[in-house]
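Working through the structure, step by step
What follows is each chain in one-letter form.
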Amino acid sequence: VPLLPELKLRGFTGVYLFGALERPLSGPDVDASPFAIADREAPATALGGPKSFKHLTSEIARLGMVPIVDAFDRVSRSAHRKYRGLVVDALNDRGVPAPHPGTDGRENQWNESVLLNYRKVEVWDLMVREIKNLAKDYGVRGVRLENAQSYPLIMEADVKELTRKDPDGQYHYPLTEIFHGQIVRLNEEAGYWTTGAAMDLHYPNPFLIKLVRELWNEYQDFLIIAECNFQREPQLLASGVITHSIRIPQILCSVAGKSLRRDGSVAPLPASKRSTAKTLSRVLKADRDLLPNDAIMIQCSCNHSSPFPAALYGRKSWMAVDLVNLLPGIPMLLFGEDAGIAYRMNMAQVKHHEEESVYHVNYDKLIPKSPPRQKTSPLSSPIDGVSGLSLEPSNRGTPSPLSGAGGGGGLRRPASLADVRQASGVRRSGSSLSLKRVESNSHLVQVRTMEQTKSLAIRNQSVHDLKELRMMNDKVRDEIGPSVGFDISQIKGHYNHRSMIREEMEVFRSGKLWILSVEPQLKDRIFVFARYTDREIAIVAMNLKDVQDGEAYQHACDVDLNLQSLSEVLPESHVKRFQVVHQITDGFTGEKRGDELFTLEEFVFRKYTLHIEPLTTVVLMPVPCPDDKTTKEIHYTQALGRLEVEAADVKDPRENSVLSSIAHGAATSLTDFAKALEATRAGFVKLGLDEGAIQWQLQLCLQRASALRYNVENEGFQPPRDYEPPGGERIISYLSHLTTAAKDPNLLHASRKLV
């Protein structure tokens with residue numbers, strides 16, 4: 001409780017109380033881990049019981065923060081009597097039915113717990129009722145669904161056993177047990193997560209839909225956070241929950257040469273299996289097609305089972321802090337992670353030797369390498385699948401899968417998943433809309449014994465334990481390198497600064513994300529993205545490697561930022577300000593980055609060269625300059641100077657405001673074209689160019705302006721959003737007209753020369 005005011009001052013909005021629920025008070029599981037829950041609606045007696053828990057949640061709420069607790073899909077072997085009759089069974093090694101241990105159906109089995117039978121609606125209703133009681137009795141206003149990527153935990157029914165008959169010819173199991181699949185196959189996932197509707201079309205999860213609707217019906221501001229593994233973020237987000245994913249920590253950990261597993265354990269990775277900055281870019285790019293619009297996710301750098309960032313990332317811990325605070329999502333910190341230590345008591349195992357393991361998540365193999373983009377797809381997000389279905393009778397010779405064989409009225413069940421994909425515009429598996437599916441395999445499930453999970457339980461610590469822990473932390477600190485500027489014990493200042501930046505700058509709290517491309521030779525180390533709102537744009541460039549990754553990464557590198565793709569997604573408010581002069585500033589310090597001025601259009605379309613040191617994050621922000629004559633004259637002179645040097649290399653007229661004014665003027669009217677051409681000619685005269693040089697520059701200007709239309713139609717250039725690119729015929733026509741009708745004699749002479 002004394003620490004809560006500090007959390008509030010640092011900007012925290014919620015406090016997640018892991019392990020706060022009741023555990024067995026007697027029997028063999030009395031010292032079990034926080035994952036072995038005896039009663040999912042009662043506070044832990046060992047931590048003070050109901051009175052202390054209510055005092056804690058009340059204090060959290062008084063400070064304006066949200067108290068959040070666990071919600072588990074499984075219960076302890078020694079759980080409360082109310083769970084009796086709701087547990088599902090499986091055949092043990094002797095062929096005898098026994099309670100199915102808690103599981104995620106794919107990787108982990110927890111022998112200290114048992115699985116409930118989610119084929120029974122009573123189990124669904126019980127979980128909802130228990131969460132509501134926590135809200136009513138203790139003021140809890142949020143839960144974190146442990147193992148949510150597998151809800152509801154339905155295992156494949158053991159049909160052979162369920163249909164076994166006794167010697168008298170009657171079924172051994174009553175019909176109710178057969179109907180509810182009381183005997184299941186061990187760790188063989190079934191139900192929602194094995195359907196095409198879930199895995200291919202990303203239909204919402206019915207269990208989660210029931211949960212959120214019933215809770216929000218009584219508590220409109222109730223937070224429902226869902227732990228997510230196995231790359232199932234789209235389905236969880238489509239179901240209305242806030243997804244807590246560890247994708248970013250897993251990828252960054254892989255870049256650092258380690259594997260962060262689903263259970264929180266860590267092991268070194270062979271160099272051939274490591275991810276790069278490109279992996280991060282590809283995963284977040286795929287989100288544009290995979291995730292619903294404006295999805296809310298929680299970002300973290302570690303979880304309650306793993307070590308702290310120092311042990312996961314080493315020197316890259318500072319980069320992890322930047323990713324958590326600068327990417328979209330809600331930052332979530334594990335208590336104590338900003339203290340600059342690596343190891344703690346009550347965490348999963350850390351190995352120190354490389355190993356080949358099926359439990360390493362290789363995102364490079366999950367994401368399609370070159371997904372085709374279909375701009376004409378009728379879907380705006382995966383959860384809008386139904387809106388893309390045509391309910392009208394099909395004009396094809398074959399019957400419509402939506403209208404039925406006879407084409408009669410009413411929406412019928414689709415004939416096949418392929419027909420639904422075709423009708424809805426959803427791309428096939430292997431496109432950017434589909435992660436590669438990894439089938440469940442019960443042989444890969446790891447059995448977590450009670451002795452293993454005890455390491456996560458609260459227990460007394462000996463002097464020897466504390467001394468050994470301190471030595472391990474000191475070793476990691478020395479390996480990171482305080483003598484070369486990487487003192488992990490001082491990282492709290494970095495946490496505080498990045499948190500302050502996020503709190504002060506709206507663009508990092510609510511801005512949309514756009515991943516930007518970099519040169520091929522730098523894709524393994526440089527990660528670049530943009531965040532933007534209606535008022536601000538921030539370009540973030542990160543160098544994720546240094547000399548510890550190899551001699552090739554020990555020096556800084558120059559990165560040519562290619563921002564052109566950003567033009568297709570910027571809000572209209574920015575497009576209207578394309579001709580406004582901006583100063584490029586450092587997003588962290590607010591200081592100017594050089595004296596050059598650019599229009600917003602120039603900043604987006606020309607390449608901006610950035611010098612980035614190893615393990616460094618740079619934030620660029622274009623800030624509008626005063627709208628006065630002096631600023632405009634300075635900028636125009638600079639633009640002319642850049643054009644004089646770069647004219648032969650310019651491919652898009654929007655890279656330079658002088659060229660852009662000619663192209664825009666030609667697209668608008670003869671008068672605007674004449675004004676732009678004369679301003680350009682007069683500007684070159686002021687720069688001291690002779691007539692021959694001026695003619696050459698003007699010829700290049702007209703060529704670049706007329707080439708925009710061709711490049712848009714044939715070379716894939718982004719089309720202007722505020723005008724139609726002029727063709728060469730129009731420019732020549734205008735120029736010919738000016739040879740006889742130009743008011744200014746200098747423009748008249750120049751036009752004749754150009755013609």
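Okay, so let's go over this structure. (Residues numbered from 1 in each chain as written. Predicted model: local features only at pLDDT ≥ 70, side-chain atom pairs only at ≥ 80, totals over all residues. Heavy atoms only, no water.)

1. Overview of unusual backbone geometry
In this structure, the amide linkage connecting tyrosine 151 to the following residue, proline 152, adopts the cis form with an omega of -15°. One non-glycine residue, asparagine 147, lies in the positive phi region at around 70°. Among the structural elements, asparagine 147 can be located in the loop between strand 10 (142-145) and strand 11 (155-157). The phi dihedral of asparagine 187 is positive, around 60°, even though this residue is not glycine. Examined against the element boundaries, asparagine 187 turns out to sit in strand 12 (residues 183-189). (Helix = DSSP H or I, 4+ residues; strand = E, 2+ residues; numbered from the N terminus.)

2. Regarding helix 22 (residues 657-668)
Relative to the 16 Å expected for 12 residues at 1.5 Å per residue, helix 22 spans 16 Å between its end C-alpha atoms, a close match to the ideal helical length. Within helix 22, 9 of the 12 residues are buried, which leaves it mostly tucked inside the rest of the structure. Three or more residues of helix 22 are buried, namely Ser657, Val658, Leu659, Ser660, Ile662, Ala663, Gly665, Ala666 and Ala667. Residues of helix 22 that are buried sit in contact with strand 25 (592-599), helix 20 (600-605), helix 21 (629-646), helix 23 (670-686), helix 24 (691-714) and helix 25 (728-741). Among the residues of helix 22, the N-terminal cap falls to asparagine 656, whose side-chain oxygen and the backbone nitrogen of valine 658 are separated by 2.9 Å. (Expected span 1.5 Å × (residues − 1). Buried < 20%, exposed > 50% of the residue type's maximum accessible area, 1.4 Å probe, protein only. Contact = heavy atoms within 4.5 Å. Polar contact = N/O pair within 3.5 Å; in protein donor to acceptor, adjacent residues only side chain to side chain.)

3. As for the sheet that holds strand 27 (residues 616-624)
With antiparallel pairing, the 6 strands of this open sheet are ordered in space as 20-21-22-27-24-25. Of all the strands in the sheet, just strand 20 (512-516) and strand 25 have a single pairing partner and so form its edges. Taking the axes of each pair of neighbouring strands and ignoring which way they run, one obtains an average angle of 25° across the sheet. Two elements, strand 21 (residues 526-532) and strand 22 (residues 537-543), share 7 bridges in a ladder whose sense is antiparallel. When the bridges of strand 22 are listed, phenylalanine 527 appears paired with methionine 542. In this fold helix 21 packs onto strand 24 (581-586) and strand 25, with an angle of close to 90° to the strand it touches most, strand 25. (Pairing = 2+ DSSP bridges. Axes fitted to C-alpha atoms, helices over the stretch in contact; angles between N-to-C directions.)

4. Notes on the pattern of salt bridges
Considering all chains together, one arrives at 37 salt bridges under this definition. As a salt-bridge pair, aspartate 364 and arginine 282 come within 3.5 Å of each other at their nearest N and O atoms. With aspartate 364 in helix 13 (residues 363-366) and arginine 282 in helix 10 (residues 277-290), this residue pair connects regions lying 82 residues apart in the sequence. Under the relative-accessibility criterion, aspartate 364 is labelled partly exposed at 26%. With relative accessibility at 15%, the residue arginine 282 sits in the buried group. (Salt bridge = Lys/Arg side-chain N within 4 Å of Asp/Glu carboxyl O.)

5. Here we look at the side chain of aspartate 104
With respect to the helices and strands, aspartate 104 occurs in the loop between strand 8 (101-103) and strand 9 (108-115). Separated by 2.8 Å, the side chains of aspartate 104 and arginine 262 make a polar contact. Those residues in contact with aspartate 104 that lie beyond four places of it in its chain are Trp110, Asn147, Gln149, Ser150, Leu153, Glu189, Phe230 and Arg262.

6. Let's talk about the pairing of strand 13 (residues 223-228)
Buried residues dominate strand 13, accounting for 5 of its 6 residues. Pairing geometry for strand 10 and strand 13, over 4 bridges, is parallel. Within strand 13, the residue paired with valine 143 across the bridge is isoleucine 224. Note that strand 13 and strand 14 (residues 242-245) share 4 bridges and pair parallel. Bridge pairing in strand 14 places cysteine 228 opposite serine 245. Handedness of the crossover joining strand 13 and strand 14 through helix 8 (residues 233-238) is recorded here as right-handed. (Right-handed = clockwise from strand over helix to strand, strands pointing away.)

7. Here's the deal with the pairing of strand 9
Along strand 9, 7 of the 8 residues are buried, which leaves the element largely enclosed by surrounding structure. Relative to strand 9, strand 5 (residues 74-76) is paired through 3 bridges, and the arrangement is antiparallel. The partner of serine 76 across the bridge, within strand 9, is serine 113. Relative to strand 9, strand 8 runs antiparallel, the two sharing 3 bridges. Pairing of glycine 102 across the sheet is with tryptophan 110, part of strand 9. From the end of strand 8 to the start of strand 9, which pair antiparallel, there are 4 residues, and glycine 105 there has a positive phi angle of about 80°.

8. Digging into helix 2 (residues 49-62)
An α-helical turn contains 3.6 residues, so any two residues separated by three or four positions project in the same direction. Given a rise of 1.5 Å per residue, 14 residues ought to cover 20 Å, and the 20 Å separating the end C-alpha atoms of helix 2 matches this to within 8%. Regarding helix 2, the residues found buried are Gly49, Phe53, Thr57, Glu59 and Ile60. Looking straight down helix 2, one finds that the buried residues subtend no more than 160° of arc, so they occupy a single side. Turned more than 90 degrees away from the buried face of helix 2 sit Lys51 and Arg62, all of them exposed. Residues of helix 2 that are buried make contact with helix 1 (4-9), strand 1 (14-16), strand 3 (39-43), strand 4 (66-71) and helix 3 (121-138). Trailing helix 2 by a residue or two, glycine 64 shows a phi angle of about 85°, which is positive. (Arc of directions from axis to C-beta.)

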